[in-house]
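Residues per chain are reported as follows:
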Amino acid sequence: MTLIGQPLDRTDGVLKVTGEARYAAEFPEARLAHAVMVTSTIARGTIASIDASRAQALPGVLLVMTWLNAPKLPQGGKAGFNPPAGRYLSLLQDNQVHYSNEPVAVVVADTLEHATDAARQLRITYQSQPATLDFHAEKANAHAPDNPQGRQTDTRRGDYDAGLRDGPVRIDAVYTTPMEHHNPMEPHATMAVWDGPQLTLYDSTQGVSGAKNAVAKTLGIAPDRVRVISPFIGGGFGGKGSSWSHVTLAAMAAKQTGRPVRLALERPQMFGPVGGRPCTEQHFVLAAKHDGTLTAMRHDSFSNTSLIEDWTETCCMVTRMSYAVPNQITTHRIVPLNVGTPTFMRAPGETTGSFALESAMDELAAELKMDPLQLRLKNYAEVDPQENKPWSSKALRECYRVGAERFGWSRRTPAPRSMRSGNTLIGLGMATATYPANRSEAAALARILPDGTALVASGTQDIGTGTYTVMTQVAADALGFAPENIRFALGDSTLPPAPGSGGSRSAASVSPAVRDAATQVRDKLIALALADSASPLYGTNVADVTVQNGWVTSRKEPSKRDPAAAILARAGGQPIEAQASAKSGDERQRYSFHSFGAVFAEVHVDADFNTIRVAKITAVYGVGRLLNQKTARSQLMGGLVWGIGAALEEESQLDPRYGRFTNMNLAEYHVPVNADVQALDVVVLDEVDPYISSLGVKGIGEIGITGVPAAIANAVYHATGVRVRDLPITLDKVMAGHSPRTTA
Ligand code: MOS
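Cut-offs applied
Residues numbered from 1 in each chain as written. Predicted model: local features only at pLDDT ≥ 70, side-chain atom pairs only at ≥ 80, totals over all residues. Heavy atoms only, no water. Helix = DSSP H or I, 4+ residues; strand = E, 2+ residues; numbered from the N terminus. Buried < 20%, exposed > 50% of the residue type's maximum accessible area, 1.4 Å probe, protein only. Areas by Shrake-Rupley, 256 points an atom, 1.4 Å probe, with all protein chains shown as cover. Lys, Arg positive; Asp, Glu negative; His and termini not counted. Charge placed at Lys NZ, Arg CZ, Asp CG, Glu CD. Pairing = 2+ DSSP bridges. Right-handed = clockwise from strand over helix to strand, strands pointing away. Axes fitted to C-alpha atoms, helices over the stretch in contact; angles between N-to-C directions. Phe/Tyr/Trp six-rings, centres within 6.5 Å; stacked < 30°, edge-to-face > 60°. Parallel < 35°, antiparallel > 145°, perpendicular 65-115°, else oblique. Left-handed = near helix turned anticlockwise from the far one by under 90°. Contact = heavy atoms within 4.5 Å. Polar contact = N/O pair within 3.5 Å; in protein donor to acceptor, adjacent residues only side chain to side chain.

**Quick look at the overall build of the chain**
Here's step 1: A tally of helices and strands in the chain yields 18 helices and 29 strands.
Here's step 2: Principal-axis analysis of the C-alpha atoms gives the chain an extent of 80 × 75 × 50 Å.
Here's step 3: Expressed as a percentage of its 744 residues, the buried residues of the chain come to 62%.
Here's step 4: About 27,200 Å² of surface is accessible on the chain, with carbon and sulfur atoms providing 50% of the total.
Here's step 5: Counting 71 positive and 73 negative side-chain charges, the chain places the centres of these two groups 2 Å from one another.

**Structural notes on the pairing of strand E21 (residues 454-457)**
Here's step 1: In E21, alternate side chains face the same way, and those of Ala454 and Val456 on one face and Leu455 and Ala457 on the other are all buried.
Here's step 2: With 4 bridges connecting them, strand E20 (residues 442-448) and E21 associate as antiparallel partners. Bridging across to E21, arginine 447 finds its partner in leucine 455.
Here's step 3: Hairpin connection of E20 to E21: 5 residues between the antiparallel strands, including glycine 452 at a positive phi of 85°.
Here's step 4: Between E21 and its parallel partner strand E22 (residues 486-489), the chain crosses via helix H12 (residues 467-479), and the hand of that crossover is right-handed.

**Overview of the sheet that holds strand E13 (residues 280-288)**
Here's step 1: Taking strand neighbours across the sheet as the criterion, the 5 strands line up as E7-E15-E14-E13-E8 in an open arrangement whose pairing is mixed. The open sheet has two edge strands, strand E7 (155-157) and strand E8 (169-177), and neither has a second partner. If you compare each strand with its neighbour and ignore which way they point, the axes differ by 10° on average.
Here's step 2: Here 3 bridges tie E7 to strand E15 (residues 328-337), and the two strands are oriented antiparallel to one another. Counterpart to arginine 156 in the pairing with E15 is isoleucine 329.

**Considering the packing of aromatic side chains**
Here's step 1: Using the criterion set out here, one finds 14 aromatic pairs in the structure.
Here's step 2: Residues phenylalanine 27 and tyrosine 202 carry aromatic rings whose centres are separated by 4.1 Å and whose planes lie at 20° to one another, so their mutual orientation is stacked. Placement of phenylalanine 27 in the loop between helix H1 (13-17) and strand E1 (33-39) and of tyrosine 202 in strand E10 (residues 198-203) is noted, with a sequence separation of 175 residues between them. Across the pair, tyrosine 202 and phenylalanine 27 agree in class, each one buried.
Here's step 3: Relative to phenylalanine 600, the ring of tryptophan 409 lies with its centre 5.5 Å away and its plane at 65°, an arrangement referred to as edge-to-face. Taken together, the positions of tryptophan 409 in the loop between helix H11 (396-407) and strand E18 (420-421) and phenylalanine 600 in strand E27 (residues 594-606) put the pair 191 residues apart, joining distant regions of the chain.

**Quick look at the packing of helix H16 (residues 629-648) against helix H17 (residues 708-720)**
Here's step 1: At their nearest, the axes of H16 and H17 sit 8 Å apart, and the two run at 55° to each other. Taken together, the axes of H16 and H17 lie oblique to each other. Here H16 and H17 pass one another in a crossing that is right-handed. Two secondary-structure elements touch here, H16 through Leu640, Gly643, Ile644, Ala646, Ala647 and Leu648 and H17 through Val708, Pro709 and Ile712.

**What about unusual backbone geometry?**
Here's step 1: Each neighbour pair has its own omega, and for leucine 727 with proline 728 the value is -10°, a cis peptide bond.
Here's step 2: Of note in this structure, arginine 31 is not a glycine but carries a positive phi near 60°.
Here's step 3: Here arginine 31 is to be found in the loop between H1 and E1.
Here's step 4: Taking relative accessible area as the criterion, arginine 31 reaches 52% and is therefore assigned exposed.
Here's step 5: If you check the backbone angles, glutamine 149 has positive phi at about 50° while not being a glycine.
Here's step 6: Within the secondary structure layout, glutamine 149 lies in the loop between helix H4 (135-138) and E7.

**Observations regarding the environment of threonine 519**
Here's step 1: By the element assignment, threonine 519 lies in helix H13 (residues 506-530).
Here's step 2: In this structure, the C-alpha to C-alpha distance between threonine 519 and glycine 622, residues 103 residues apart in sequence, is 28 Å.
Here's step 3: For threonine 519, the side chain forms a polar contact with the main-chain oxygen of arginine 515, separated by 2.6 Å.

**A few points about the side chain of serine 100**
Here's step 1: Mapped onto the elements, serine 100 comes out in the loop between strand E4 (96-97) and strand E5 (103-109).
Here's step 2: For serine 100, a relative accessible area of 5% translates into the label buried.
Here's step 3: When residues no more than four places from it in sequence are discounted, the contact partners of serine 100 are Ser40, Thr41, Ile42, Ala43, Asn338, Tyr658, Gly659 and Arg660.

**Comments concerning the pairing of E27**
Here's step 1: Counting buried positions along E27 gives 11 out of 13 residues, so the element sits mostly inside the fold.
Here's step 2: Sheet analysis places strand E19 (residues 424-436) next to E27, joined by 13 bridges and oriented antiparallel. Note on E27: the bridge partner recorded for threonine 434 is phenylalanine 596.
Here's step 3: From the end of E27 to the start of strand E28 (residues 612-622), which pair antiparallel, there are 5 residues, and asparagine 610 there has a positive phi angle of about 65°.

**Section: the environment of aspartate 12**
Here's step 1: Counting through the fold element by element, aspartate 12 comes out in the segment before H1.
Here's step 2: Spatially, the C-alpha atom of aspartate 12 lies 50 Å from that of glycine 292, the residues being 280 residues apart in sequence.

As structure tokens, then:
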């Protein structure tokens, strides 16, 4: 495998930097009409009246669609409702309002300006009811979700009470994380085009097949009448992992107007109608012997959901598998509020859960007067302690070792506030990173064209991660073609189906299918040459030939070779093709599949102002084989950057009176900028996972954010002596010495 892992430049890079890459809202359509979504201004109640007369009278206005005139959908719009990915949507089927910023109307006009103006002229009055917005008060009414994300709601192993008795050193603390909203550069956008009974959707989605099925079911039409096209996505991060209301609304508006309709969300509409990370409150109890051996662990996690659908931030997943603690209880409870339904947001559950777990471990290390890294090693899980299965691969011990060495962990003096340079308090902290190594069934096709190039395709997506590039590498490697002679196609629901690009699964799922399809068509090409009396390779033993740079070539006499174009020309000039589908076997029953990493953070805190800077992060990962060193590294760095944001900046601030977020823009919803990101040192170990797939790819999309908030929180504690258990760690919390809601 010569090309696998090479740091190839992105094959779509030039298209992107020259503006040629076409995103969902950018497809040229004759007679295109522009839609603007109007959203509710109250958090709970009913629409009392709608006066559309002024809006409708404005120039260019084609449609004002509200619950009074929207087409009636099967099951009141709930036909596609199948959580977590089939959403309970807001499709103008009734006059109910469940959260502020919920879609209540769609205005369509000939230009975006006319539509925007008309949308502002729509007069809607409401009958408001008191909204449920106080998470902490509502915790008393929390309920247990039903198998969140297909996993157990609660777990119990060993004898927790006995474990508590055996562990005299205790930590009992509550950690909280705020609501957050995905803000990829490209907000959600859909173009809906009807051609008779056929619907084409240009959509910014992490799953073309999922979007097709969700929209078809919701509209009550056969799935083969819907085609979803999504060649480029300006970031998704889980927010585009399911189809939200605007997608079906665009299709409805296009049907009503008889025109192609474009509906692009405005930045403030990213806060509510299209998911986000719920807030969490996580109660941890740890008990250990004086030598650091964990004897008991309890993790009770609460997160908010909406009043229309159950969604669970699965914070306890990471707790169940991280350490070899014999006695453990974990629980998930959810708290319905009048907010939009939360959703997958980069490492959903692991980001928030690892903040709490890895902060608690740091607190325990301090209590034990033990090095935090030593405490992790002391309780290293040699097998998955919850599933009781061996790991498919686990390089965490090596991650700790390499990370500690590169970072200079040994320079850390244990006492808080003990490292200082002038007026700068220096803190060093670490945490474990982990994320499941998921894999789902995927299919691909490979076609050698008469000109000697190849088209390789799968109905997967490139959400900015590099799928085009890495799948080109996999195909080139299997075919024996140069990468520049391969075109990889994706983002079209008419291609062989692949899973949604979520759960860090695309590379692991799609690469084996691409490799199988490419290998099969390569074998067909070889067979054609060997059977052709006009080929220099006629009659050569199949074991003695290979394909190099597009030429079928004799291994023994490399001068004997035959280019693909000539082979196909002599065979009649038709393309040859193979399709393959690949999925896991029973190894999923026998092994536990996870990626691991170690994150080390150095923070600098101003002794007077308490401003926090992350001076350096060293992160070392065991994530199986990399398909491309460059795109992989970029993606892991992106995870670290988001981890800095989660630790120090990100928070959607909910107005407790009106249920509206007060910072629905990128000026006030803070994400890291260059000044917030200093040295990032990312290392990926050469890890061989013999079980995940023939390529050994474990996935890298989400592990990069995990562990980072805790590593930074632990570093802030080490710098200042202040333990902030509430994200984001802002300077006021450090200044106040923080006020933990400890329940001990
Ligand atoms: Mo990821 S949050 O599963 O797109």
